[in-house]
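Below are the chains, spelled out letter by letter.
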Amino acid sequence: MLIAALLVLPGLALAQGTPSGQPRPAPTTPPGPEPVPAPLLGMFKKATQWRLEQISANHLRFTGQVEIEGDDVKFFADEVDIYTDENRLVAAGNVVFSNPEGRISAERVVFNTKTNTGTFYQAFGVMSVGTAASSNLAAFGGQDPDVYFYGEELEKLAQKKYRITRGGFTTCVQPTPRWEVTSSNVVLNLDEYAVATNTLLRVKGVPVFYLPMLYYPIQKDQRSTGFLLPTYGTSTLRGQAVSNAFFWAIDRSQDATFLHDWFTRSGQGAGGEYRYVAGPASQGNFKFYRFSRKETTFTDSEGTSILPANQSFELTGVATQSLGRATRGRIRLEYFSDLLTQQLYHQNIYQATRRSRVVEAGLTNSTGPVATSVLYQRNETFNAEKSSVVYGGTPRITASLAPQRLFDLPLYGSIGSDFSYLPYRYITDGVVTLDNSLGRFDFVPTLRAPLSRLTFLSINSSASYRTTRYSRSVDAGGTVVPEGFTRQYLQMRSEVIGPVFTRIWDLPESGIAERLKHVIEPAFTVDYTSAINEYRRAPVLSDISDFVVGGASRFTYGLNNRLFYRGRTVDGVRGQTREFVTIGIQQTYYSNPESSQYDTAYSSANRGRRAADLSPVALAVRVSPSTAFDSTTRMEYDVSGGSGLQVFTTSGNVNGSRGSTALSYSRRRLMGSTESDDYLNASTSVRLRDGRVTGTYALSWDIARSYVVSQNIHASYLAQCCGVQVEFQRFNYPESSGSPISSDRRFNFSFILAGLGTFSNFFGAFGAR
């Protein structure tokens, strides 16, 4: 098919000037070449220009605001030469090349019309990073998520591949970019990555750091394989620190991150993190880190101390896996090889104070009313660096039958069973010094009868007959001996809630709620346990609730107050009902005072409470008027022997659009002692300028021991496609920690570039766990 060129040329008189007042002559079209056969235009279908010349049989020259258009490709230039026999296009003067990938401007271009490749000189271009990046426009200065690049030469190597020589790129396409990476050579693979060699990062024109090579991901889904920006830090204990990471986007449902930390004073570490999502109920996250600590000498006013060299590792992870419609598998790992490394180097307060390591794996199945599970759990808690206690269930197998209605009567039956091997070993320097491990089988059939269906009164009674077989028992001296023991007893329980008193108020003048409801719920529970022959022979390992005092009763009485409000109806939509205040108080009377030492309904039972016929008075208060505020408080006050307040815990959260505050305080005192554990955790954060400015302050204070465990300040600032985040932490070590220094001051610093991910080192910089 033949395609003619469209010739639009100005009139000759106009080019020379038209006398004032004279009508402008109509444009004339000088004789042009014969219609150009389509094959001579190569990849192009249409061309417009001021002038067209046919220099030779295979050479066309377009001049004057030339526009040439092909399949998804356009060229604009002052002058374009097409050499049809060579499939070559040469354009000069204000050259603009555009296609679906982006737009390139240059002074000159040599282009192969057959391979769709070419070289642009003194060029710059813009392309889209992808729609997925639009979810974080603050990182791009509120602009479209594009990448801008330039260079003395820009080669189009393939459909989505470019090479830049002596140029640079940035994802900050503001009039004055806040950052850019300059390089002697950059290879851009659109929607995949950019590889730059001999690179220099500039922030506001100031050179910041040099890298021999930079791998920059630019995939549309924001999950691109490549190196992440390094983080920098300094610490009294670790010295100067540089952390690097490489992110591997394996596919849409799994990825891996490889990390390396280098510390000038402490040594270096390397590790990785693997994440996957295989389905709605199948996902996991695993981390492994190995730390090679070198011998370090510390000198202060108290003298010189040496921290010996050490090799350690840490493995953490959690995973759930669907194994068919009714079966689920799960794994939890929290394992470290060296307690001192764990407590000295971690910045996260939870990790730094953790002294237990856990290995857990299990399967659960629910088929109709029958539920079964198999669990392997090994817990090891350290009392000192070389002293620990191992406990758990290796394995623990359970099977249960959910309540079933019997004989069409208001009577329900259920069964529970448990077979476990319960390890319980004391270990010192890797040697087992005491082993009280044993096997246990437990079988419990239960009958339950609801005796009242009144809306204001609920009565439920149940009876269970429990049989437990232990492979070992406790002798008269309290020593676990290899003699089996069978415990059997009947337990009966009745629960009464009510009569319930309710009052409702209409609030026509309130702007928040249209109705208020107050509910008062008295509650009573009676428990009876039949006599148990030699009940003190039952061994108690890690769970005190496993010890049951025979021939005893207990009576629990309490009162609950609940306040509800219903929001106002807006545009015909009824407001939601919210329970905004709950106040509950309870106490238990024991016919046998020994039972009070094993009642897990009160936390003071785990802290050496002496036997008494009355439990502490427990008060629980929850206040939550809206999603922006929530607080919970619990107190236990012992009325026996004047022991006073035993437990006081409170926590609260306030959340707003510009910030949030969280506070928790706990005070727990040992019975008969003036000493207590008092601990305060608090944090507050602010978010300003649409989240571009953030700041957080966190405090952990051991009040009982009169020292601040940790103070942490974290701030970040994003401005037009780039930003910084900084963190300062002061961590104080207790005298028993084995630390060579009393306090560690830590400072971390990292750049944030739009389109490039950030990370934390394995020890928890920037608040990571």
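Residues numbered from 1 in each chain as written. Predicted model: local features only at pLDDT ≥ 70, side-chain atom pairs only at ≥ 80, totals over all residues. Heavy atoms only, no water.

Attention shifts here to the overall build of the chain. A tally of helices and strands in the chain yields three helices and 46 strands. By residue count, 40% of the 769 residues in the chain fall in the buried class. As displayed, the chain has an accessible area near 39,300 Å², and 55% of this comes from carbon and sulfur atoms. (Helix = DSSP H or I, 4+ residues; strand = E, 2+ residues; numbered from the N terminus. Buried < 20%, exposed > 50% of the residue type's maximum accessible area, 1.4 Å probe, protein only. Areas by Shrake-Rupley, 256 points an atom, 1.4 Å probe, with all protein chains shown as cover.)

Bridge count between strand S25 (residues 387-405) and strand S26 (residues 412-422): eight bridges; the pairing is antiparallel. Bridge pairing in S26 places Ile397 opposite Phe419. Adjacent in sequence and paired antiparallel, S25 and S26 are bridged by six residues, among which Phe407 carries a positive phi angle near 55°. Looking at chain direction, S26 and strand S29 (residues 438-452) are connected through 11 bridges and run antiparallel. (Pairing = 2+ DSSP bridges.)

Taken as a whole and judged by the stated rule, the model has 22 aromatic pairs. Pairing Phe75 with Phe111 gives two aromatic rings, centres 5.1 Å apart and planes at 75°, and the pair type is edge-to-face. Residue Phe75 is located in strand S5 (residues 73-83), and its partner Phe111 is located in strand S7 (residues 102-112); the two are separated by 36 residues in the primary sequence. Across this residue pair, the class does not change: Phe75 and Phe111 are buried. Linked through ring pairs, Phe75, Phe97, Phe111 and Phe120 together constitute an aromatic cluster. (Phe/Tyr/Trp six-rings, centres within 6.5 Å; stacked < 30°, edge-to-face > 60°.)

Bringing unusual backbone geometry into the picture now. The omega torsion of the bond from Thr394 to Pro395 falls at 5°, within 30 degrees of zero and hence cis. With respect to the helices and strands, Pro395 occurs in strand S25. Of note, the bond from Gly498 into Pro499 is cis; its omega dihedral lies within 30 degrees of zero at 0°. In this fold, Pro499 is placed in the loop between strand S33 (485-497) and strand S34 (501-506). If you check the backbone angles, Arg689 has positive phi at about 50° while not being a glycine. Along the polypeptide, Arg689 turns up in the loop between strand S42 (676-688) and strand S43 (693-702).

Looking at the second largest pocket, its volume works out to about 1,000 Å³. Along its surface, the second largest pocket is lined by 27 residues, and Gln343, Thr353, Arg355, Arg705 and Pro734 are the ones closest to its centre. Among the secondary structure elements, those contributing two or more residues to the lining of the second largest pocket are helix H2 (339-345), helix H3 (349-353), strand S24 (370-384), strand S41 (659-669), S42, strand S44 (707-719) and strand S45 (722-732). In terms of residue class, the lining of the second largest pocket is built from 11 nonpolar, eight polar and eight charged. (1 Å grid on protein atoms, 1.4 Å probe; cavity = no way out; pocket = protein on both sides within 12 Å on 5 of 7 lines; lining within 4 Å. Points joined across faces, edges and corners; volume = space filled by probe spheres on them. Nonpolar A, V, L, I, M, F, W, Y, C, P; charged D, E, K, R; others polar.)

So, on to the confidence of the model for the chain. For the chain, mean pLDDT is 82; residues scoring 70 or higher make up 85% of the total. Predicted confidence for residues 1-40 stays below pLDDT 50, and this span has 35 contacts to residues more than four positions away or in other chains. (pLDDT = per-residue confidence, 0-100. Contact = heavy atoms within 4.5 Å.)

Taken as a whole, this structure holds 34 salt bridges when the rule is applied. Across the pair Arg354 and Glu314 runs a salt bridge, and its minimum N-O distance is 3.3 Å. Taken together, the residues Arg354 in the loop between H3 and strand S23 (356-367) and Glu314 in strand S21 (residues 310-322) connect sequence positions 40 residues apart. Accessibility assignment for this pair places Arg354 and Glu314 in one class, buried. Between Arg440 and Asp418 there is a salt bridge whose closest N-O contact spans 3.8 Å. Of this pair, Arg440 sits in strand S29 while Asp418 sits in strand S26, and the two are 22 residues apart along the sequence. Across the pair, Asp418 and Arg440 agree in class, each one buried. Each of Arg396, Asp418, Arg440, Asp442, Arg466, Arg487 and Asp546 takes part in a single network of salt bridges with overlapping partners. (Salt bridge = Lys/Arg side-chain N within 4 Å of Asp/Glu carboxyl O.)

Taken together, the side chains of Leu323, Leu363, Val370, Val374, Ile397, Leu401, Ile415, Phe419, Phe441 and Phe443 present a nonpolar region at the surface, about 790 Å² in accessible area. For the nonpolar patch, the secondary-structure elements that each account for two or more residues are S24, S25, S26 and S29. Within the secondary structure layout, Leu363 lies in strand S23. A relative accessible area of 43% places Leu363 in the partly exposed class. (Patch = residues over 30% accessible without salt bridge, like charges linked within 9 Å, V, L, I, M, F, W, Y side chains within 5 Å.)

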